[in-house]
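Structure assessment
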Amino acid sequence: MILLSATNLNKYYGTTPILTGVSFHISQGDRVGIVGANGAGKTTLLNILTGELPCDSGDFFLPADTSVGYLKQTDNFSSENTVYQEMLAIFRPVIDMEHQLAALSEEISLRSAAGEDVEQLLHRYDDLSHAFKLADGYSYKSAINGILSSMAFSEDFYGKQISMLSGGERTRLALAALLLKKPDLLLLDEPTNHLDIGTLKWLEQYLKSYGGTLAVISHDRYFLDQTVTRIFEVENHKLTCYEGNYSVYVEKKRQREEDAMRRYESQQKEIARQEEIIRRFKQHGTEKLAKRAQSREKRLSHMDVLERPDSRPGKMRIQFRERLQSGNDVLFAEDLSKSFGTGAELRRLFSNVGFDIKKGDRVCLVGPNGIGKTSLLRIVMGELEPDSGYVKTGHNVIFGYYDQEQQQLTSSNTVLEELHSEYRLYTETELRSLLGRFLFRGEDVFKIVGSLSGGEKARLALLKLMLSGANLLVMDEPTNHLDIASKEVFEDALLEFPGTLLLVSHDRYFLNKIPTSIYELSENGVTVFGGGYDYYLEKKQQIASGKSYLTELSRQASADGTLLNQTSARSDKEQRAEERRQQKERLAEQRRRERRLKELEGSIADLEGRIEEIQADLCREEVYTDFERSAALDGELRSARETLDAVYEEWMLMQEDDSQ
C-alpha cells in the first residue's frame, strides 16, 4: 500500500531552483535512504513533506490518519523539563489512564465495603484495563529506561534539565523521544550524528525491526547499507530512485551513468555520420542524391535526440603534503591517565594508556562517548596535561589538528580573511583558486565564517589543514558534516598522504577504509587491533567468545580440579581440527566463487560485445530499412540486455558478499 506519494514537486528560493519535477512514492514498510551533496535539497524535501515548508507547485498525498515523526538536525526542545519528565510526557494519555484505574480501584473498594452495587464500575475498570494493556501501559516505564540506556543516558541524566544538556545529548534525546512515539512514518535527518559505535549498532538493529515506514537522510554509508532497501538520490534539483542499499545504489548509479553516456555518444556518432552522408549527397548535386539527402534529413529531424547526461556536481579537490619528513618514531606514550573533578565529583576517564606510533601509521581511535578520546588527542597535542604518564614526540614531527567543533575558525572573519590571516604569502588570486578547489566559488569567499553550514566549515578547516604542511594529522571526527562525495575525496587524500594519521571517528565505512590499526580506548587503557573496522569487530567477538568459554570452564573446574586442564587440552585439539576443516571449506568455497566470477565476467564480455554488434548493425541502412530484420535484431537486443542485467545482478551480489 502506498503511504506517501509526490507528483512534480517544485521548490525555488527566489529564482534559484532547489527541487524541480520531483515525483516518487513510498510504500508502507519501505526503508528509504535519501542521499545527495550538501545543499542539494534533501532537508528541504523533508520539510515540504511534513508541511513545515510549502512547495511552489506540485502536490503530495499522505493519509490523514498517518502519524509522522520528524527528527531534525537541530532539536526543537523548548520545555524546562528534566530528561525523564520529557520522556514521561510522551505517555501522558497512558499515565492518565493509570491514574483513572487507581481512582476506580479505590472507588470500587470503598463502595464494595459499604455494600453498594459495583458491577458497572467493575465493567468500566475491565474496559479501561484492557485499553491500558493495549497502550503498553504495563511496560512504558521499562520502554523509557531501555531507550534512554540505549541512547547512552544513564540514570544520572534522568534528573537533568534539558537546557543543561550539550548539543549532542539533546539530539540523542530527541531521537529517543521519537522512537518511543513509534510513528507510522519516521523521517530522520542525519540521525547518526553524535552517536558512538555501540549506539549506532543498537539503532541499526532497532530500525531493522521497526514496524513503521522509514525515510532517512544520512551521509553514513555503513548505516545506509545496514538499514535501507531503497535510495532516493537528490542531484541537479532532480530525484532518482534506486532499489537496494547504498552499495547497490553506487554500482547501479555507475552503470546508469556509463550507459547514459554510452547511448548519448553512440547517438552523437550516428548523427555525425548521417550528417556527413547528407553533406556528401548534396555535394554531388544530382537530383537522385539530393532526394536521398532530403529523406535522410527528414529522418534525422524526427530523431528523438538524447540530451547530454548531467555532469556531477563539483567535487572537493584535496591533497595533503608534508613540509618535512618526520623520523621513524612519531609518538610514544606511557601510563597516561586523566580524570576530571574532585572528591565525590571525581570522574576518571582513562588510565594506563600507552602506545607507540611509527611513521606512516594510520591509527583510528574508537571508544564509547565520554571515555576521553578528544581529551587524549589534546594531551597528545600538548593542549591538556595528563594526571600521570608522558608523551614523547619524535624528530621533525609537525602537528596538524582538525577540531570537530571547528573552534579554530574565527566566526567574524570572511572565508577569504580566515585563510589570508594565516597564509599571508599567498596572493588573493591564489587563495581564491584554492578555495575554488574546496567548492567556495564566486561570492562564497565573502561569506562570514559564523554563518557557514557545518559542511562548509568542515571544508574550510580541511583546506587550512592541507596548507599547514603537517606530517602528523590529528583529527577529531573529520567526516562529520561532509557529504558522501566529499568523504570519498577526503578518504582518497588520506590514503595518498605519506605522513602519519591519528584519528577519532565513528564512521564505520571510513574505519574500514583508512586505518592500518584501530586503538580501542577504555577506562583501563588501549587495546590495539590491526586492520579495519570489520576485522576489529571479528576479533572483539572472538575475544568475547573466548572469555565466555573460559569462564564456564573455570566454573566447572571448581567442582572438579582436573577438569579444566583435561577439557582445555581436548578442546584445543578439537579446535585446531575444526579450524583446519573450516579453512579447507573456505578455500574450496573461494575457488568455486572465483571460477563462477570468471564465468560471469566472460558472459558479461560476450553479451556486451554482442550488444555492440547488434547496435552497429541497427545503424546500417540495409538493416534499419528492412523491417523484419531490424525487428528481429531489436528483439535480440532487448533479450541480450535483459540477460546482461541478470548476469550483472549475480556478479554484483557476489562482489558484495566478497566485500563483507
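Starting from 1, residues in each chain are numbered consecutively following that chain's sequence as written. Reporting in this predicted model follows two pLDDT cut-offs: at least 70 for local features of residues, and 80 or more for side-chain atom pairs to be given and counted; totals over whole chains, interfaces and linings ignore these cut-offs and use all residues. The side-chain quantities take in all heavy atoms of the structure and omit both hydrogens and water.

Some points on the sheet that holds strand β13 (residues 388–393)
Strands are labelled as partners when DSSP assigns at least two bridges between them. The helix and strand labels rest on DSSP assignments: H or I over at least four residues marks a helix, E over at least two residues marks a strand, and numbering proceeds from the N terminus. Overall, antiparallel pairing links the three strands, which are arranged β11-β10-β13 in an open sheet. Only two strands of the sheet have a single neighbouring strand rather than two, namely β11 (347–358) and β13. Shown here is a sheet whose adjacent strand axes are inclined to one another by a mean of 15°, direction ignored. Of the pairings in the sheet, the one linking strand β10 (residues 329–340) to β13 comprises five bridges and is antiparallel in character. Along β13, the bridge assignment pairs Glu-334 with Tyr-390. Across the face of the sheet, helix α11 (residues 373–381) comes into contact with β10, β11 and β13 while running at roughly 55° to β11. Throughout, an axis means a line fitted to C-alpha atoms (over the contacting stretch in the case of helices), and angles, computed between N-to-C directions, take values from 0 to 180 degrees. Only heavy atoms enter the contact rule, under which two residues are in contact if any of them lie within 4.5 Å.

With respect to the sheet that holds strand β15 (residues 472–476)
If you walk across this open sheet you meet the six strands as β14-β15-β16-β12-β17-β18, and the pairing is mixed. The sheet terminates laterally at β14 (399–402) and β18 (525–530), the two strands that pair on one side only. Neighbouring strand axes in the sheet, compared pairwise and without regard to direction, differ in orientation by 20° on average. Alignment of β15 against strand β16 (residues 500–504), held across five bridges, turns out to be parallel. Note on β16: the bridge partner recorded for Leu-473 is Leu-501.

Section: the packing of helix α2 (residues 83–90) against helix α5 (residues 140–150)
Their axes nearest at 11 Å, the elements α2 and α5 cross at an angle of 130°. When the interaxial angle is binned, α2 and α5 end up oblique. Pair α2 / α5 crosses with right-handed handedness. In this structure, α2 contributes Val-83, Tyr-84, Met-87 and Leu-88 to the contact, and α5 contributes Tyr-140, Lys-141, Ile-144, Asn-145 and Leu-148. Under the scheme applied here, ten amino acids are nonpolar (Ala, Val, Leu, Ile, Met, Phe, Trp, Tyr, Cys and Pro), four are charged (Asp, Glu, Lys and Arg), and all others, including Gly, are polar. When the residues that make up the contact of α2 with α5 are grouped by side-chain class, the tally is seven nonpolar, one polar and one charged. These descriptions rest on fixed angle ranges, namely under 35 degrees for roughly parallel, over 145 for roughly antiparallel, 65 to 115 for roughly perpendicular, and the rest for oblique. Two helices crossing with the near one rotated counterclockwise from the far one by less than a right angle form a left-handed crossing, whereas a clockwise rotation gives a right-handed crossing.

Some details on the side chain of Glu-86
Looking at the secondary structure, you find Glu-86 in helix α2. Using a 1.4 Å probe on the protein chains alone, a residue whose accessible area is under 20% of its type maximum counts as buried, one over 50% counts as exposed, and one in between counts as partly exposed. For the purpose of charge, His is not counted, nor are the chain termini; Lys and Arg are scored as positive and Asp and Glu as negative. When a carboxyl oxygen of Asp or Glu is within 4 Å of a side-chain nitrogen of Lys or Arg, the pair counts as a salt bridge. At 6.7 Å, Lys-181 is the nearest oppositely charged side chain to Glu-86, a buried residue that forms no salt bridge. Polar contacts here mean pairs of N or O atoms no more than 3.5 Å apart (in protein, one a potential hydrogen donor and the other a potential acceptor; neighbouring residues in sequence count only if both atoms are side-chain atoms). In terms of polar contacts, Glu-86 uses its side chain to reach the side chain of Asn-81, at 3.1 Å.

A short note on helix α1 (residues 42–49)
Residue pairs spaced three or four apart in an α-helix point in one direction, given the helix's 3.6 residues per turn. Counting buried positions along α1 gives seven out of eight residues, so the element sits mostly inside the fold. Buried within α1 we find Lys-42, Thr-44, Leu-45, Leu-46, Asn-47, Ile-48 and Leu-49. A positive backbone phi angle near 80° is found at Gly-51, which sits one or two residues after α1.

A short note on the packing of aromatic side chains
Working definition: a ring pair exists when centres of Phe, Tyr or Trp rings (six-membered ring for Trp) sit within 6.5 Å. Plane angles under 30 degrees give stacked, over 60 give edge-to-face, the rest tilted. Scanning the model with the defined rule gives 19 aromatic pairs in all. Measuring from centroid to centroid gives 5.6 Å for Tyr-222 and Tyr-533, while their planes differ by 90°, and the two rings are edge-to-face. Residue Tyr-222 is located in helix α8 (residues 221–227), and its partner Tyr-533 is located in helix α17 (residues 533–557); the two are separated by 311 residues in the primary sequence. Per residue, the accessibility class of Tyr-222 equals that of Tyr-533, and both read buried. An angle of 85° between the planes, with centres 5.0 Å apart, marks the rings of Phe-529 and Tyr-536 as edge-to-face. Here Phe-529 and Tyr-536 have matching classes, each one buried.

Some details on the confidence of the model for the protein chain
pLDDT gives the predictor's per-residue confidence on a scale running from 0 to 100. Averaged over all residues, the pLDDT of the protein chain is 84; the fraction at 70 or higher stands at 91%. This stretch, residues 561–569, has a pLDDT under 50; its non-local contacts, to residues over four places away or in other chains, come to seven contacts.

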